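So the chains spell out like this:
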Amino acid sequence: MNEVPDLIQENLKSVQEHMENACRRARREPREVTLIAVSKTKPIEMLKEAYETGCRDFGENKVQELVDKYEVMPKDIRWHMIGHLQRNKVKYLVGKVYLIHSVDSFRLAEEISREAVKKGVDVNVLVEVNVAGEESKFGTTCEETLDLVRKIAGLPRVFVKGLMTIAPYVENSEENRQYFVNLRKLSVDIKKQNIDNVSMEVLSMGMTGDYEVAVEEGATYIRVGTGIFGERTYL
Ligand SMILES: *Cc1c(COP(=O)(O)O)cnc(C)c1O
C-alpha cells in the first residue's frame, strides 16, 4: 500500500470518531447518521480505498463524473447526487443514483418523475433549501419549501425523503448552527402536514468544516469531502 490510501483510512476513522462524539453530546445514536464520502474530482483509486475501509455512500456533484465512477466501482455503492442538476442531464442519472439531494424547482422534479416513469423505477429526492439566503447558492427559500414539497408529492414515482442545505463557508462552525436548527424546524413543520408520499426522515447537512455542529442539530447525512480525501484541486 502506498501513503495516500493509508491517509484516507486514517481520515475516515477520524471523521467517524468526531461524528460519534457529536452524537454522544446530542444523545443520539451514531447509526442515525450516515457519512457520505464526497469524492468529486478525486481519482478512482482513492474511492476504492474508501470503499475498502467500509464506505458505501459516495457523493458527486456532476452527472458525468458520477456516471463514469458508477460504471467502474462496485455495485453495492449508494450514489448521492449533491450538486446542481440540469434537467437535460436527469436521464443519465435516474436508475443509477440512490438519492438526489439537490431538487430546487418543480420543473426539475417533473423531469425526474417523467424519466422515472419511463424507466419504471422510483426516485428518492431531497429538497435543497437555501436556509442562509445566500445569493450565490441554489435552493428554495424556507417560505417556498412547503409549497414545493406539496407539489412534488403529487408527481408519480418521486418521493421526497427530506431536506438538504449547504451552509455558508465560515471560519467558526458555530455560526452555522442557526441554519441547521432552522432546517430541522422546517422539516418538523412539514412532517406535521402529513403529506402523502413525503417522509421527512432525512436531513442532509454538514460538510468538513461544520459536520459536528450539524450532527448535534439533527443531521442524518453528513457530506464530507476534504476531511476524507484532502483538498481538491480544480483544473
Ligand atoms: C463539495 C461538497 C461537499 C463537501 O465539501 P467539503 O468541505 O470538502 O467537505 C458537501 N456538499 C456539497 C453539496 C458539495 O458540493
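Everything numeric here is computed off the predicted structure, so don't read it as measured data.

A word on the side chain of threonine 145. By the element assignment, threonine 145 lies in helix α6 (residues 142–153). For threonine 145, a relative accessible area of 0% gives the class buried. With near-sequence residues (within four places) excluded, threonine 145 lies in contact with Val127, Val129, Thr140, Leu163, Leu186 and Ile190.

Turning our eyes to something else, we now look at the site of the ligand. Lining the immediate surroundings of the ligand are Val38, Lys40, Ile82, Ile166, Met207, Thr208, Arg223, Val224, Gly225, Thr226 and Arg232. Interatomic distance of 2.6 Å between a side-chain N/O atom of lysine 40 and an oxygen atom of the ligand. Here the ligand has 390 Å² of accessible area as a free molecule, and 89% of this is covered by the chains. According to the grid-proximity analysis, the pocket containing the ligand is the largest pocket. Partitioning the shell around the ligand into residue classes produces 5 nonpolar, 3 polar and 3 charged.

Moving on to the state of the cysteines. What the rule picks out here adds up to 0 disulfides. A disulfide-free cysteine, cysteine 23 has its sulfur positioned 16 Å from the sulfur of cysteine 55, the nearest such atom. Owing to a relative accessible area of 9%, cysteine 55 belongs among the buried residues under this scheme.

All right, on to the side chain of serine 39 then. In this structure, serine 39 sits in the loop between β1 (34–38) and α2 (44–52). Assessed through its relative accessible area of 0%, serine 39 is described here as buried.

A separate point is the pairing of strand β7 (residues 198–204). Residues in a regular strand project their side chains so that they alternate between the two faces of the sheet. By the criterion of burial, β7 is predominantly enclosed, with 5 of the 7 residues buried. Relative to β7, strand β6 (residues 158–164) is paired through 4 bridges, and the arrangement is parallel. Residue leucine 163 lies in a different strand from β7, and its bridge partner there is leucine 203. The β-α-β motif built from β6, the intervening helix α7 (residues 177–191) and the parallel element β7 has right-handed crossover chirality.

With that settled, the discussion passes to the nonpolar core. By size, the foremost hydrophobic cluster in this structure holds 67 residues, and its most contacted members are Phe58, Ile100 and Ile112. Of the residues forming this core, the biggest block, 6 residues, is contributed by helix α1 (residues 3–25).

Our next topic: the packing of aromatic side chains. Taken as a whole and assessed by the stated rule, the structure comprises 1 aromatic pair. With centroids separated by 5.7 Å and ring planes inclined at 35°, the aromatic side chains of phenylalanine 58 and tryptophan 79 adopt a geometry described as tilted. Placement of the pair is phenylalanine 58 in strand β2 (residues 57–60) and tryptophan 79 in strand β3 (residues 78–81), with a sequence separation of 21 residues. Of the two residues examined, phenylalanine 58 and tryptophan 79, each falls in the buried class. Here the basic side chain of arginine 56 rests over the ring of tyrosine 51, its NZ or CZ set 3.6 Å away from the ring centre. Stacked on the ring of tyrosine 98, the Lys or Arg arginine 78 has its end atom at 6.0 Å from the ring centre.

Conventions we followed
- Residues numbered from 1 in each chain as written.
- Predicted model: local features only at pLDDT ≥ 70, side-chain atom pairs only at ≥ 80, totals over all residues.
- Heavy atoms only, no water.
- Helix = DSSP H or I, 4+ residues; strand = E, 2+ residues; numbered from the N terminus.
- Buried < 20%, exposed > 50% of the residue type's maximum accessible area, 1.4 Å probe, protein only.
- Contact = heavy atoms within 4.5 Å.
- Near = heavy atom within 4 Å.
- Polar contact = N/O pair within 3.5 Å; in protein donor to acceptor, adjacent residues only side chain to side chain.
- Areas by Shrake-Rupley, 256 points an atom, 1.4 Å probe, with all protein chains shown as cover.
- 1 Å grid on protein atoms, 1.4 Å probe; cavity = no way out; pocket = protein on both sides within 12 Å on 5 of 7 lines; lining within 4 Å.
- Sits in = over half its atoms within 2 Å of the grid points.
- Nonpolar A, V, L, I, M, F, W, Y, C, P; charged D, E, K, R; others polar.
- Disulfide = S-S within 2.5 Å.
- Pairing = 2+ DSSP bridges.
- Right-handed = clockwise from strand over helix to strand, strands pointing away.
- Core = buried A, V, L, I, M, F, W, Y, C linked by side-chain atoms within 4.5 Å.
- Phe/Tyr/Trp six-rings, centres within 6.5 Å; stacked < 30°, edge-to-face > 60°.
- Lys NZ or Arg CZ within 6 Å of the ring centre and 35° of its normal.

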